[in-house]
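# Working through the structure, step by step
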Amino acid sequence: MEYDENGVSIVSNDFKKEIFEEAKKDFRYEEYVRGCLNCGVCTGGCPPHRFFDFSPRMVLQNCKSNDPALVWGMMDEYIWACFQCFTCAMICPFLNNPGGVIAILREISVRRGFESAKKVLKPYSRVLLKLTAYGNQLSPDMIQPDFFPDWGPHIGYASQDLPLKRKAIPMPTLQVTNLAWDVAPEAMKELYTIFEEAGVFKIIEVVDPSLYEIIQDIVDDVRSE
Amino acid sequence: MTIEIRNRLGLADVKSDFRHIAGRKIENIHNELLELEAKGEIKVIHITDEHKPIEAETLFGWKKKIPTTKLWHHKSCGQCGNIPGYPVSLLWFMNKFGTEYVDERNQTSCTAWNYHGSATSNPVGLAAVAVRNWHRSYELGLFPLIHCATSFGDYKEMRNLLIENKELRDEVRRIMHKIGRELVIPEEIVHYSEWVHVMRFEIAKLRKYDLSNIITTVHPACHCYKMIPEDCIYDKDIYAGKRTAVSTGVALALGAQVADYSTWYDCCGFGFRHILTEREASRSFVMDRKIRPMVREANSDVCITQDTGCTTTLDKNQWIGKAMGYTEQVPVMADVMFAALVCGADVYKIVQLQWHTTDWRPLCEKIGIDWKKSEEEYNAYLEKLRAGEKPENLYEYA
Ligand code: SF4
Ligand code: SF4
């Protein structure tokens, strides 16, 4: 993949148009992109705007410009700065939803397996594995000092004698270490069917094929239990 | 019982008849929900007298019924995995009040944390997971009580999308039939903090300590009040109805001070993906935009939250701030944990503050809670468990 001087991947104009059309076809698009006053209220309240070259006002302006090249310019790193807090949606006087538009663009990016999405999501694979294979995103045994050294020395508390400390939590569903709660296999199996039918497994196969294989092995094991 | 409300530092007890609606369109989705039910398109999980509902007002002054019993706990993966005192404190109160509830294994996460972090899902996937979990509650004859703010925001959004889009309903119904379930939608999407809010005066009757010298600062969760804002509780007697009332309401009812700070509306810095894989953004935001203003402007003793991600982000990111000269520190806990603490719940066994990173001991000492005794008892309890004794649980689980 080649990149221009702004770090945006170089693709044909037809491809840019195809991506923009795909975004506009999403059933939420019209609801999220209304008229933009260019007032910048959304950007004023946007948390990552303080740390990144990122502005929800630009997201709306680019969409309203109807120029596929401007929308394409956001498809690499730009859209991944968003915190998905929806401050913009709450305060926009025109009731636009820039965070929602970003979600639509991100969906396209992972569905099509863009290199930028793969790169951004690479360190995220452990979380994806937990969620898609077991139905829980965060488990107690993930809170380890080597993964969260910046959370301070007390993080070690959670990794010592963890099974015993979890047993001391007075909710029987929580007395496990490898999941946030002990998810019943029948719930996991239903989740797998949902992921298959909704195309979620397919997305993971596109964005991280080796992770997908690991997940499918677990799915097969749980289903055969 | 009359509760004396003190709030020398803040705006929390300002009263007004003015309602803040910020020019939003006013559409009440509930009429369409009932029309779809009448047409046989969906089933609705109704809130009936059996649920002993208490009414609250939302942003536009609409009434929202909050069921107070016969509840199905829809847990949060972040809370259960990392802040266990959060759900335990809630169940502890429910046991005190004789609330009927079920906490069980047959549920999955809402998967929305993952969606907002990675986009590796879509509206069909999210809505199907929501309906699957709602249906489980429905078949048990219970009403779902949502623990996590992101689940709450996601479920409000999925409820609306399902009501507004026939194609989505048809697709989700097709998937539900494959797993032997039906398309059901709850009459209201109810967050645990709303249960705490409507129960706040009952909760305050259990108060064991005087909190008049305790200064709280409230961090409202974005996915509670910024996603589908019309569904959130506002009260003209709390911040003059200009900010969501939950969490502040229970802190005031307990007699604590609620102090204002300039960045109250900012998010916590969680970012969904950032907290896991781009943490420098999260921690800078925590220290600059939340903790420092809470301490410098409000002299806060405790930050009160109403969500999983906010509690984690605000608590866990203070230690590293010291390396950059951020000396301000404030303990962080959810409204229900703070309430349990001051109503006499055990610091270790129930509120489980031992998992928290930022030091909460000075707060306990200021309130007058003997955390050292609690620690000794907890350590002795761990030894009993190690020797093979059965755990003391809040409920029996088959
Ligand atoms: S949702 Fe995204 S764009 Fe909107 S305010 Fe939050 S971080 Fe900014
Ligand atoms: S999206 Fe809304 S808040 Fe942002 S610039 Fe446009 S009109 Fe203003």
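Since we're looking at a predicted model, the values are computed, not measured.

## Re the pairing of strand 4 (residues 71-74) of chain B
Working note: regular strand, side chains alternate between the two faces of the sheet. Residue and element names in this part refer to chain B. The side-chain alternation of strand 4 yields two buried faces, one formed by Leu-71 and His-73 and the other by Trp-72 and His-74. Relative to strand 5 (residues 101-102), strand 4 runs parallel, the two sharing 2 bridges. Bridge assignment links Trp-72 to a residue of strand 5, and that residue is Val-102. When strand 4 meets strand 6 (residues 143-146), the two strands line up parallel, connected through 4 bridges. The residue bridging His-74 from the neighbouring strand is Ile-146, located in strand 6.

## Considering the pattern of salt bridges
Tallied over the entire structure, the rule returns 49 salt bridges over all chains. Here Glu-139 of chain B makes a salt bridge to Arg-136 of chain B, at a shortest N to O gap of 2.7 Å. Placement of both Glu-139 of chain B and Arg-136 of chain B in helix 5 (residues 123-139) is noted, with a separation of 3 residues, approximately one turn of the helix. Here Arg-181 of chain B makes a salt bridge to Glu-139 of chain B, at a shortest N to O gap of 3.1 Å. Within this pair, whereas Arg-181 of chain B is found in the loop between helix 7 (166-178) and strand 7 (184-186), its partner Glu-139 of chain B is found in helix 5, the two being separated by 42 residues in sequence. Look at Arg-181 of chain B and you get buried, because its relative accessible area is 5%. Members of the salt-bridge network, linked through shared partners, are Glu-18, Glu-22, Asp-26, Arg-28, Glu-107, Arg-111 and Arg-112 of chain A.

## Some thoughts on the interface of chain A and chain B
With 83 residues of chain A in contact, the opposing surface of chain B contributes 96 residues. Between chain A and chain B lies a buried interface of about 7800 Å² when both sides are counted; carbon and sulfur atoms form 65% of it. On the chain A side of the contact with chain B, Met-90, Trp-151 and Trp-181 of chain A bury the most area, a combined 10% of that side's loss. Summed over the shared surface of chain A and chain B, the number is 8 salt bridges. We note a salt bridge from Glu-190 of chain A to Arg-181 of chain B, for which the minimum N-O separation is 2.7 Å. Taken together, the connections running from chain A to chain B amount to 29 residue pairs in polar contact (both at pLDDT 80 or more). When residues of the side of chain A that touches chain B are assigned to their parent elements, the largest contribution, 10 residues, is made by helix 12 (residues 185-198) of chain A.

## A closer look at the domain arrangement of chain B
Residues and elements named next belong to chain B. Taken domain by domain, chain B consists of domain 1 (2-192) and domain 2 (200-379). Each of domain 1 and domain 2 was reduced to a C-alpha centroid, and the two centroids are 22 Å apart. The partner domain 2 presents 63 residues to the 59 residues of domain 1 that form the contact. For the domain 1 and domain 2 pair, buried surface summed over both sides reaches about 5000 Å², with 65% attributable to carbon and sulfur atoms. On the surface where domain 1 and domain 2 come into contact, there are 1 salt bridge. We note a salt bridge from Asp-231 to Arg-159, for which the minimum N-O separation is 2.3 Å. Between the two partners, domain 1 and domain 2, sit 18 residue pairs in polar contact (both at pLDDT 80 or more). Mapped onto the side of domain 1 that touches domain 2, the elements with two or more residues apiece are strand 2 (54-57), strand 3 (63-66), helix 2 (77-82), helix 3 (85-97), helix 4 (112-118) and helix 6 (149-164).

## Quick look at the environment of Asp-301 of chain B
All names here are of chain B. If you trace the backbone, Asp-301 turns up in the loop between helix 13 (279-298) and strand 11 (302-305). Judged by its relative accessible area of 15%, Asp-301 is buried. In sequence terms Asp-301 and Ile-47 are 254 residues apart; their C-alpha atoms lie 38 Å from each other. When residues no more than four places from it in sequence are discounted, the contact partners of Asp-301 are Asn-213, Ile-214, Ile-215, Val-330, Pro-331, Leu-363 and Lys-366. Here Lys-366 takes part through its side chain, which lies 3.0 Å from a polar atom of the side chain of Asp-301.

Cut-offs and rules
- Residues numbered from 1 in each chain as written.
- Chains lettered and ligands numbered in written order.
- Predicted model: local features only at pLDDT ≥ 70, side-chain atom pairs only at ≥ 80, totals over all residues.
- Heavy atoms only, no water.
- Buried < 20%, exposed > 50% of the residue type's maximum accessible area, 1.4 Å probe, protein only.
- Helix = DSSP H or I, 4+ residues; strand = E, 2+ residues; numbered from the N terminus.
- Pairing = 2+ DSSP bridges.
- Salt bridge = Lys/Arg side-chain N within 4 Å of Asp/Glu carboxyl O.
- Contact = heavy atoms within 4.5 Å.
- Buried area = accessible area lost by both parts, 1.4 Å probe.
- Polar contact = N/O pair within 3.5 Å; in protein donor to acceptor, adjacent residues only side chain to side chain.
- Domains from an automatic or database assignment.

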